[in-house]
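Here is how the chains run, residue by residue.
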Amino acid sequence: MSENMNIVILGAGLTGLSAAYHGGGTIYEKEKEVGGTCRSPKIKGYTFDLGIHVLHTKNDYVLNLLIKNLNAPLLVQRRRAWIYSYNTLTRYPFQANTYGLPIKVVKDCLLGFIDVYNKDSINYDNYEDWIYATFGKGIAEHFLIPYSEKFWTIPPKEMTADWPDSRIPRPELEEVLEGALSDQKKGFGPNWTFRYPKKNGICTIPDAFYSINSEIFLNKEAIGVDIQKKEITFSDGFKKRYDKLISTTPLPELVKIIHDLPGEVVNASQGLRYNSIFCVNLGIKNPNLNDAHWIYYPQGDYSFFRISFPKNFLENSVPEGKSSITSEISYSQFKELDKGTIVDRVIKDLIKAKVLKRNDKIELIDTRDIKYGYIIYDHNRSKNSSIIKKFLMDNNIYTAGRYGSWEYYWMDDSILDGKRAIDHIKEQNRIKG
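Model, not experiment: these values are computed from the prediction.

## Comments concerning the overall build of the chain
And step 1. In terms of helices and strands, the chain carries 12 helices and 19 strands.
And step 2. Against the globule reference of 22 Å for 433 residues, the chain gives a C-alpha radius of gyration of 23 Å, in line with a compact fold.
And step 3. Roughly 19600 Å² of accessible area belongs to the chain as shown, and the carbon and sulfur atoms make up 47% of that amount.
And step 4. Taken as two groups, the 58 positive and 53 negative side-chain charges of the chain have centres that lie 4 Å from each other.

## Considering the packing of helix α3 (residues 103-117) against helix α5 (residues 173-181)
And step 1. Between α3 and α5, whose axes approach to 11 Å, the crossing angle comes to 175 degrees. With respect to each other, α3 and α5 are oriented roughly antiparallel. In contact with Val106, Leu110, Phe113, Ile114 and Tyr117 of α3, α5 contributes Leu173, Val176, Leu177 and Ala180.

## Overview of the pattern of salt bridges
And step 1. Tallying each qualifying case throughout the model produces 24 salt bridges.
And step 2. With a closest N to O distance of 3.9 Å, Asp115 and Lys119 form a salt bridge.
And step 3. With a closest N to O distance of 2.9 Å, Lys322 and Glu363 form a salt bridge. Taken together, the positions of Lys322 in the loop between β16 (306-308) and β17 (323-331) and Glu363 in strand β18 (residues 362-375) put the pair 41 residues apart, joining distant regions of the chain.
And step 4. Residue Lys322 is classed as buried on the basis of its relative accessible area of 17%.
And step 5. For Glu363, a relative accessible area of 31% gives the class partly exposed.

## Regarding the sheet that holds strand β10 (residues 222-226)
And step 1. With antiparallel pairing, three strands are arranged side by side in an open sheet as β10-β11-β12. In this open sheet, the two edge strands, each paired with only one partner strand, are β10 and β12 (239-241). Each adjacent strand pair in this sheet contributes to an overall mean axis angle of 20 degrees, direction not counted.
And step 2. The sheet contact formed by β10 and strand β11 (residues 231-234) spans four bridges and is antiparallel. Paired with Val225 across the bridge in β11 is Ile232.

## Some details on the sheet that holds strand β7 (residues 88-91)
And step 1. Strands sit in the order β7-β6-β15-β16-β17-β14-β18 across an open sheet of seven strands; the sheet is mixed. Two strands close off the open sheet at either side, each with one partner strand: β7 and β18. Across the sheet, the axes of successive neighbouring strands diverge by a mean angle of 25 degrees, strand direction being ignored.
And step 2. In the sheet, strand β6 (residues 81-85) pairs with β7 via four bridges, with the strands oriented antiparallel. Paired with Ile83 across the two strands is Thr90, which belongs to β7.

## Observations concerning the packing of α3 against helix α4 (residues 127-152)
A pair of packed helices is captured by two measures, namely the crossing angle of their axes and the spacing between those axes.
And step 1. Interaxial distance between α3 and α4 falls to 7 Å at its minimum, and their mutual angle equals 170 degrees. As summarised for this structure, α3 and α4 are arranged roughly antiparallel, according to the angle between their axes. Contact residues: α3 offers Val105, Asp108, Cys109, Gly112, Phe113 and Val116, while α4 offers Tyr132, Ala133, Thr134, Phe135, Gly136, Lys137, Gly138, Ile139 and His142.
And step 2. Class assignment for the residues of the contact of α3 with α4 results in eight nonpolar, five polar and two charged.

## Things to note about the packing of aromatic side chains
And step 1. Overall, the coordinates contain 39 aromatic pairs when judged by the stated rule.
And step 2. A ring pair is formed by Tyr46 and Phe48, whose centres lie 6.2 Å apart and whose planes are at 15 degrees; its orientation type is stacked.
And step 3. Accessibility expressed as a relative area gives 1% for Tyr46, which makes it buried.
And step 4. Overall, the relative accessible area of 1% leaves Phe48 in the buried class.
And step 5. Each ring, one from Tyr147 and one from Tyr296, has its centre 5.6 Å from the other, and the planes form 90 degrees; the classification is edge-to-face. Placement of Tyr147 in helix α4 and of Tyr296 in strand β15 (residues 294-296) is noted, with a sequence separation of 149 residues between them.
And step 6. When its relative accessible area of 9% is taken as the criterion, Tyr296 is described as buried.
And step 7. In this arrangement the basic side chain of Arg167 is found over the ring face of Tyr408, its NZ or CZ atom lying 4.3 Å from the centre.
And step 8. Sitting above the plane of the Tyr61 ring, Lys419 keeps its charged end 5.6 Å from the centroid.

## Topic: the nonpolar core
And step 1. Among the nonpolar cores identified, the biggest contains 106 residues, and Leu66, Tyr127, Trp152, Val225, Ile232, Ile246 and Ile397 are the most heavily contacted of them.
And step 2. Those residues in contact with Ile397 that lie beyond four places of it in its chain are Val225, Ile227, Tyr242, Leu245, Ser247, Leu254, Ile258 and Leu392.
And step 3. If you look at the next biggest cluster of nonpolar residues, it comprises 24 residues, including Phe278, Leu282, Ile295 and Val346.

## Things to note about the side chain of Arg273
And step 1. Along the chain, Arg273 turns up in the loop between α8 (263-270) and β14 (274-284).
And step 2. At a separation of 3.2 Å, a polar atom in the side chain of Arg273 contacts the side chain of Glu158.
And step 3. Reaching out from Arg273, the side chain makes a polar contact with the side chain of Asp378 at a distance of 3.4 Å.
And step 4. Apart from residues no more than four positions distant in its own chain, Arg273 is found in contact with Ile154, Glu158, Phe334, Ile375, Ile376, Asp378 and Trp406.

## Description of helix α10 (residues 381-394)
And step 1. A rise of 1.5 Å per residue sets the reference length of α10, with its 14 residues, at 20 Å; its end C-alpha atoms lie 20 Å apart and thus fit the reference within 8%.
And step 2. By the burial criterion, the buried members of α10 are Arg381, Asn384, Ser385, Ile388, Phe391 and Leu392. Within α10, the buried residues cover an arc of 135 degrees as seen down the axis, which keeps them to one side. In α10, the exposed positions that point more than 90 degrees away from the buried face belong to Lys383, Lys390 and Asp394.
And step 3. In the core, the buried residues of α10 are packed alongside α7 (251-257), α8, β18 and β19 (397-399).

Quick notes on the rules
- Residues numbered from 1 in each chain as written.
- Predicted model: local features only at pLDDT ≥ 70, side-chain atom pairs only at ≥ 80, totals over all residues.
- Heavy atoms only, no water.
- Helix = DSSP H or I, 4+ residues; strand = E, 2+ residues; numbered from the N terminus.
- Rg over C-alpha atoms; globule rule 2.2 N^0.38 Å.
- Areas by Shrake-Rupley, 256 points an atom, 1.4 Å probe, with all protein chains shown as cover.
- Lys, Arg positive; Asp, Glu negative; His and termini not counted.
- Charge placed at Lys NZ, Arg CZ, Asp CG, Glu CD.
- Axes fitted to C-alpha atoms, helices over the stretch in contact; angles between N-to-C directions.
- Parallel < 35°, antiparallel > 145°, perpendicular 65-115°, else oblique.
- Contact = heavy atoms within 4.5 Å.
- Salt bridge = Lys/Arg side-chain N within 4 Å of Asp/Glu carboxyl O.
- Buried < 20%, exposed > 50% of the residue type's maximum accessible area, 1.4 Å probe, protein only.
- Pairing = 2+ DSSP bridges.
- Nonpolar A, V, L, I, M, F, W, Y, C, P; charged D, E, K, R; others polar.
- Phe/Tyr/Trp six-rings, centres within 6.5 Å; stacked < 30°, edge-to-face > 60°.
- Lys NZ or Arg CZ within 6 Å of the ring centre and 35° of its normal.
- Core = buried A, V, L, I, M, F, W, Y, C linked by side-chain atoms within 4.5 Å.
- Polar contact = N/O pair within 3.5 Å; in protein donor to acceptor, adjacent residues only side chain to side chain.
- Expected span 1.5 Å × (residues − 1).
- Arc of directions from axis to C-beta.

In structure tokens form, the structure reads like this:
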């Protein structure tokens, strides 16, 4: 890469930090700290992540980068995750652990899974059909469909089936039978073990990148991009020229600030769908609240789709003798959320679920509203994002990360996508040179 090439990176989340690490470039971040959604706010002795963040990669390159090169202090933990349905706690994943549920529910799940188990797989047009074909009617209707609608905020039939295979574990028939007849403790899925920092919360990982990079400017919000001049304007009036721009900004937000876009690109941006996550964090005067990492709530009579217990990831995330809970609520333009009443409802639901007792003293209430939560894989996502990204790349703008690439990325994916963007620029420059 030419030493004189001026690379600018928008966003100091994991992807932007990784891009800078792998190829240089100057980062501009609109927030006052790095990390993106991998931040860990600290309030009155409590540390909360922005929802659950764990590193469960098996990628040797990412592990070597973080542990050996950046000296990120990460400990391996074995997942303790549960599902609460029909007034019963069962181990995650539901499809392999129905022991303890009402007999009719167990029977429905077993017979449904047996019915589809040996059938040939085919390409399905939508996520709902994939659920039924992969797990059968019982598991679909008792867990996966209600949870999907609650989490994604749209019916699973409106989503594609090109993403869940690597994310939703499919057990063998023998494992489903064992998990129906006994309390099976076998680990399933990519995150049955994971790494989490020894201190400070998940922000330790982006902070490790930040500690070796001085070319990061915070409180710099981009408000305009002139693709003809190759110039970015920031909210404080500062202007910055670039040769190549790597953007980790959510695609809809990036499109809003680019001048003179074709109508096709604007329309494609308006068709992108995503959910938002509202986190209700509670600090509680009770040292022994729960020993789980997290619990899923698929049924609609609970406001949250998942709760987690920061103390069980990191002992010093709470003051001595205390505990904490993060409750996550999904919402979108398709499923509204009353933010004025949600805290009270969450507390009532935690009591109803027997997570809190009525006499538990709540000494801290903190809320975090994450506008861009998860990319929704609807049937127009691929077409719309491709239109936008092709136009941008033709104009020297490279998108990367969960929200820039508009993909369902995990933490390791985001780190690797920052490297990919830089490698792409290097390769193009080599060919032209």
